[in-house]
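Chain and residue survey
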Amino acid sequence: VVATVQAVRAQRSASQLTCRCCSGHLIAGAGTVQSLPPSRTMPSNKRVVLVSRPGANNEPRTEHFHAEDCGYPVVHDGQVLAKTLFLSVDPAMRCLMNEDTGVHYVSPWQPGQPCDGGAVGVVIDSRHTDFQTGDYVYCFSWPWQQYSLVKPGQSELLGGLRKLDPTLFGGRLSLALGAVGLTGLTAILGIREKGHVTPGANQTFVVSGAAGACGSLAGQIARLEGATNIVGICGSEVKCQLLREELGFDHAINYRTENVSERLKETCPRGIDTYFDNVGGEISEAAIAQMNEGSHVILCGQISVYNKDLPYPPPIPQVVTDLLKEKNITSHCLCPTGKDSWC
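If you're wondering where the values come from, they're calculated on a predicted model, not measured in any experiment.

**Considerations on the packing of aromatic side chains**
For the structure shown, the criterion picks out four aromatic pairs. Arranged with centres 6.0 Å apart and planes meeting at 85°, the rings of Tyr-138 and Phe-140 form a pair that is edge-to-face. Here Tyr-138 falls in the buried class, since its relative accessible area comes to 16%. A centroid spacing of 6.4 Å and a plane angle of 45° characterise the contact between Phe-205 and Phe-276, whose relative ring orientation is tilted. Of the two residues, Phe-205 is situated in strand E10 (residues 204–208) and Phe-276 in strand E13 (residues 272–277); the sequence distance between them amounts to 71 residues. Over the ring of Phe-131 we find Lys-163, and its NZ or CZ is 5.8 Å from the ring centre.

Below, the structure is given as structure tokens:
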């Protein structure tokens, strides 16, 4: 994902895309939206394509992506032409760069074709009865392209093109890709359905990747649901400060400079009741080692192994498997299994 952003930045003058690091979204020509005036000259268009696959065991690099000019779409009956306002750049997109994504609910990106993902845009021209010029819309298979034909009613697990009511977002439409979108839904479903957070139970809630889009919401939601000790694990002092001073976390652990196991012992003296796992690997092993009898793991992501050729969820080390069994710890994977269904 970092390589993707670098590629876009490197060709910013050509693609007119900039990065909003604080939100994880790319803004594509965002600003005041107007219908395109009649013109003899077809407007220009830009897109970001996957040039080549990095390989399942390698890190993505700038050269795997390219920003280029492309044709301006022609709208036909039943189609919608939209201008891209916000693109969501997510860690899970790493699997889309492989020939096999490892999961059944998303398809891989194809070399020479634009990347795609969650996005918000505005309708510029519509030949579909359900959408009008000026409608704000979003979907989860939106091409990384300035102007795109986005298909209404297309059959996909996470739904096709949908309208947005801008009054619900206080003018911040990017929230539809974050706190009020799939990220927020993942966090709240994981906690409410699988986390077993109980008000008044004096529970400790630990989340890795805590300063990320999903982790930062998970910690705040856990507090609202009744957890009393919220501990976040992240990778910088700036992020730790954000968690403690702005997001209401009780403790923050910098895994790059601190011993995670020792700090968890200090910050979780009563053990861990719920662990929201975004990263996997050694950090998760350290957290699970300090979980209480009958506690719960919410498996949301495994960022630490996304550049490795492993199945999802990846294999669990035997020592962790033994701990889960010995302490009767439940482990639930957050992944869509069908319409309105999550495992």
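**Structural notes on the packing of helix H3 (residues 182–195) against helix H4 (residues 213–225)**
To describe two helices that pack against each other, one gives the angle between their axes and the distance between the axes. Between H3 and H4, the least distance of the axes is 9 Å, while the angle of their chain directions is 45°. Considering their axes alone, H3 and H4 lie oblique with respect to each other. You can see that H3 and H4 cross each other, and the crossing is right-handed. Mapping the contact onto sequence places Thr-183, Gly-184, Thr-186, Ala-187, Ile-188, Ile-191 and Arg-192 in H3 and Ala-213, Cys-214, Leu-217, Ala-218, Ile-221, Ala-222 and Glu-225 in H4. Partitioned by chemical class, the residues of the contact of H3 with H4 number nine nonpolar, three polar and two charged.

**Comments concerning unusual backbone geometry**
The phi torsion at His-196 lies on the positive side, around 55°, for a residue other than glycine. Tracing the chain through its elements places His-196 in the loop between H3 and E10. Among the residues examined, His-196 registers a relative accessible area of 42% and is labelled partly exposed.

**Digging into the confidence of the model for the protein**
In this model, the protein carries a mean pLDDT of 86, and residues with pLDDT of at least 70 account for 83%. Note on residues 337–343: pLDDT under 50 across the span, and 16 contacts to partners over four residues away in sequence or across chains.

**Observations regarding the pattern of salt bridges**
Counted by the stated rule, this structure contains nine salt bridges. Two residues, Asp-135 and Lys-163, come together in a salt bridge whose shortest N-O distance is 3.7 Å. Separated by 28 residues along the polypeptide, Asp-135 in the loop between strand E6 (116–126) and strand E7 (136–143) and Lys-163 in strand E9 (residues 162–164) bring together distant segments of the chain. Put simply, Glu-225 and Arg-192 hold a salt bridge, and the shortest N to O gap is 3.2 Å. Of this pair, Glu-225 sits in helix H4 while Arg-192 sits in helix H3; the two residues are 33 residues apart in sequence, bridging distant segments of the chain. Judged by its relative accessible area of 52%, Arg-192 falls in the exposed class. A single network of salt bridges, built from pairs that share partners, joins Glu-258, Arg-263 and Glu-266.

Quick notes on the rules
- Within any chain, residue numbers begin from 1 and follow the written order of that chain's sequence.
- The model is predicted, so local features are restricted to residues of pLDDT at least 70 and side-chain atom pairs to those at 80 or more, both for listing and for counting; the totals for chains, interfaces and linings are taken over all residues.
- Each side-chain value is worked out from all heavy atoms of the structure, with water and hydrogens disregarded.
- Aromatic contacts are taken between Phe, Tyr and Trp rings whose centres are within 6.5 Å, Trp giving its six-membered ring; a plane angle under 30 degrees counts as stacked, one over 60 as edge-to-face, and the others as tilted.
- The classification of residues rests on relative accessible area computed with a 1.4 Å probe and restricted to protein chains. Under 20% of the type maximum is buried, over 50% is exposed, and intermediate values are partly exposed.
- Only DSSP runs of H or I with at least four residues qualify as helices, and only runs of E with at least two residues qualify as strands; both kinds are numbered from the N terminus onward.
- Charges are assigned to positions over rings by a cutoff of 6 Å between ring centre and Lys NZ or Arg CZ, combined with an angular limit of 35 degrees from the ring normal.
- All axes here are fitted lines through C-alpha atoms, helices being fitted over the stretch that makes contact, and every angle between N-to-C directions spans 0 to 180 degrees.
- Under this scheme an angle from 65 to 115 degrees is roughly perpendicular, one under 35 degrees roughly parallel, and one over 145 degrees roughly antiparallel; angles in between are oblique.
- Each crossing is labelled by how the near helix is turned from the far one, with a counterclockwise turn of less than a right angle marking it left-handed and a clockwise turn marking it right-handed.
- Any pair of residues with heavy atoms lying within 4.5 Å of one another is described as a contacting pair.
- Under the scheme applied here, ten amino acids are nonpolar (Ala, Val, Leu, Ile, Met, Phe, Trp, Tyr, Cys and Pro), four are charged (Asp, Glu, Lys and Arg), and all others, including Gly, are polar.
- pLDDT is a per-residue confidence score from the predictor, ranging from 0 to 100.
- Put simply, a salt bridge is a Lys or Arg side-chain nitrogen that is within 4 Å of an Asp or Glu carboxyl oxygen.

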